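Reading the structure
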Amino acid sequence: MATNYDALGSQARNSPYGSGDPYYNESSGYITPARSPKKTISKWVKFGVPVAVVVIAGAVLGGVLGSRSSKNASASSSAAASAAATSAIGAKNDVGIFATATDSQYLVPIYPMTTNTAAYTTPTFVSTTDTNIAWPQDPFQPSNPSPTQVRSDRPRLIAPTYMWDSLPNLIQNDPYLSSWNNTIFGNATQYYALPPVVYFLDGGNGILDPAREIKQRVKAFSYVYRLTNDTKWLDRTYVELQNAAGNLTGGWGPDNSTKWNPTHFLDTAELTAAYAIAYDWLYNAWTPAQRSSIMATMITYGLSNGVIAYSNNDPEAYGWWHTGTEGNWNCVCNNGLTMGALAILGDDTTGIATQLLALTIPDALQNCALAPSSDGTWSETANYWYFGTTAHAEMASSLLTATGSSYDLLSVNPDFQLTGQYHMYVSGPGSLFNYGDCGPNKYSTTANAMMFYGEQYNMPQYQLFQRDQFDAAEPWSMFWYNPAVTGAFWDGLALDHFFDNSTDQWGSMRSSWTDENALYVAVKAGTLQGHQTHNDLDCGDFVVDALGVRWFGELGSGDYNSIGYFSNDSQISERWMYYRKMTEGQNTILVNQSNQNVAAAPTVTYGTTADVQGSSTVMNVPGNSSAYFIADLASAYFDVTSFSRGVHLINGRKQVLIQDEINASASVMWRAHTNATVLVSSDGLTATLTIGSATTIVQLLNPPSGANFTTTSAVRFPTDPIPPQPDQPNDGVTVLVISLPAGSYTLEVLINPQWPGMSSSSYTTPGAVPLSQWSLTSPS
């Protein structure tokens, strides 16, 4: 795939949902060997550009730190336990890769519809000391860890020597490690043939794309060298490093200390991390002159600017991110500096490594570690979770392996362990519930922090969920994955979860975890400030997936280079003048054609029949299975006396009812964005949505006088304030609309996916029930 340096790609690609596809940006950076699909997927013009089908067997990811292995070693000593462990892992390996393919449109795993009671069992880390199927214990166990007291052997970052020594045998015995290893080699081979990464300064994202692409390549080259000892990989790594140092013909960026663009410190941090990996993983292969050159470059363009960022003398504001920034910026910046400092400890004669470790660790504890709220929701958006958790996991893992402790980075926020659960529930069969901004291209950023958190928090379901994802195949997974994990992530997993921290307030409801055609509905309320200026004005927003497509979805990011896009999150912010960020561009109610109140403080109630999926990938949903989410959104509007929105899964999770009760002193407009072809009936009470061969019928029940469906394009009203720059086009998106004058209304919109084999008589028309009387059995 061609590398895309457009930070958002919204102008360069025909994407009806803009950059809303959480995997698109990543896929533009990943190179995956072409493989034959095992299952064809219905053709679909989705919110993002379709990519080639990737068979999961060609993915790459994994890894373990050994902490689980050490616990397992002490927990299992009997022959019987060893035999049981071998049996459980044997059952897993008999199946091989659980997923059989990856959806070509959404890049989510496709599971066979089957039952395997031997392998699809409760998620478990099996206790065993058998080094054919589990990591040995890390021999480095300091009794009094210190950030400046590092292990004596190299590498010290993430993958110590004992893991490299064990890895070949584990690759032979574990289908996932084997598959990921093959893909890493394939990716490295393709990267090898490319010229060094070109310097490209994007006004919105600096040189972040080139920085992350370099990091991605360095990881792959270094990994392959360590397993082959073929010096061509060492030499190719050095070329990439020399290029980013400006030492090759043509240079690379400005010829001064700002080469790595510290004004956008993410760039500096990611390049520092890349150099740290190369310095440490290939330490014994470098000549003294090469080590000296790599370290000098890292100090000059990376670590020295980190000292400036933390100093009181920071005229360019390099370090705004280290104060009161509980999100991805703090994680990424502190991680890069930490990895760089750890890599050169013992060789650094300037003292800068020790100086920075005294700054980054306590700062990350006060900021980065607090990014997940009490329910695990990431502070920014579902996509920025990737950037923040990748950096957090890299930093914690590097500290653990290099010094023997994470210094409370994993525990200072007792709810950090829930952020993996957040990622699972924010993921639907039609991609993420991708509210707000989606961020730049991912390249070296993946969801593989799930591997690390699964091990550290004893959450095997996190590893089991992530290992089948398309982005699992990269070097970190080879050391964060515990090959002694068994079971199926979905076994015993609840279909619904509600995240009710006041800043978040959202619900995730579905009919299956393993059926790519399942019904998935996510809806949110929450506050509209305090999300690092990455949110939208979107109280009441929702998405709906069914039949393998997303029927109502998000427009995603606007153009990060737009004037005022990140100005602030006050009511009069220029950010809220752009269509994709204003209330008009969301799937919610619009009152007086005006934005929501940024001071919104919604309240929510919810209920669920608490159904869980069993061991089978075939989820037989009980006929009375139900879930609902109700949000009082009156505080989000200026011209309403009262307003509540309810979303209810009914008829055994085959239909969705969206009900709004509103009393407004200005015009009311119900809006939902779709890239379906929409045909509205002559009476305006039914809209038929078609995407490919799939159909969903939307009905307006018990319509108030004058209420009917119409459609419009996803463009601003002519009367809207003119933004500082034009909006990005939303080609192919239709807005389904109900328009009414000021008044008091109940709007009941029933969404009926046309399930194969389901007769029209099997669909239900629920009775009119006020939201205050909703229950798990009413309406039905």
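Look up a bit, the structure's there.
This text gives an overview of the structure that appears in the document. All values derive from a computational prediction rather than experimental measurement. (Residues numbered from 1 in each chain as written. Predicted model: local features only at pLDDT ≥ 70, side-chain atom pairs only at ≥ 80, totals over all residues. Heavy atoms only, no water.)

Taking 1.5 Å of rise per residue, the 14 residues of helix H7 (residues 231–244) would be expected to cover 20 Å, and the 20 Å separating its terminal C-alpha atoms lies within 8% of that figure. With 10 of 14 residues buried, H7 is to be regarded as a mostly interior element. For H7, the complete set of buried residues consists of Trp233, Leu234, Arg236, Thr237, Tyr238, Glu240, Leu241, Gln242, Asn243 and Ala244. For H7, the elements touching its buried residues are helix H5 (175–192), helix H6 (208–228), helix H8 (265–281) and helix H9 (288–310). Downstream of H7 by one or two residues, Gly246 has phi in the positive range, about 80°. (Helix = DSSP H or I, 4+ residues; strand = E, 2+ residues; numbered from the N terminus. Expected span 1.5 Å × (residues − 1). Buried < 20%, exposed > 50% of the residue type's maximum accessible area, 1.4 Å probe, protein only. Contact = heavy atoms within 4.5 Å.)

This part covers helix H13 (residues 419–426). Within H13, seven of the eight residues are buried, which leaves the element mostly enclosed by the surrounding structure. Restricting attention to buried positions, one finds in H13 the residues Thr419, Gly420, Tyr422, His423, Met424, Tyr425 and Val426.

Secondary-structure assignment places Arg550 in strand S11 (residues 549–552). Here Arg550 falls in the buried class, since its relative accessible area comes to 1%. Looking at Arg550, its side chain comes within polar contact range of the main-chain oxygen of Leu432, at 2.5 Å. (Polar contact = N/O pair within 3.5 Å; in protein donor to acceptor, adjacent residues only side chain to side chain.)

Within this structure, the stated rule accounts for one disulfide. One disulfide in the model links Cys331 with Cys368; its S-S distance is 2.1 Å. Disulfide Cys331 to Cys368: torsion about the S-S bond roughly 100°, handedness right-handed. With Cys331 in helix H10 (residues 328–344) and Cys368 in the loop between helix H11 (352–366) and helix H12 (384–403), this pair connects stretches of sequence that are 37 residues apart. For the pair shown, Cys331 and Cys368 are each scored as buried. (Disulfide = S-S within 2.5 Å.)

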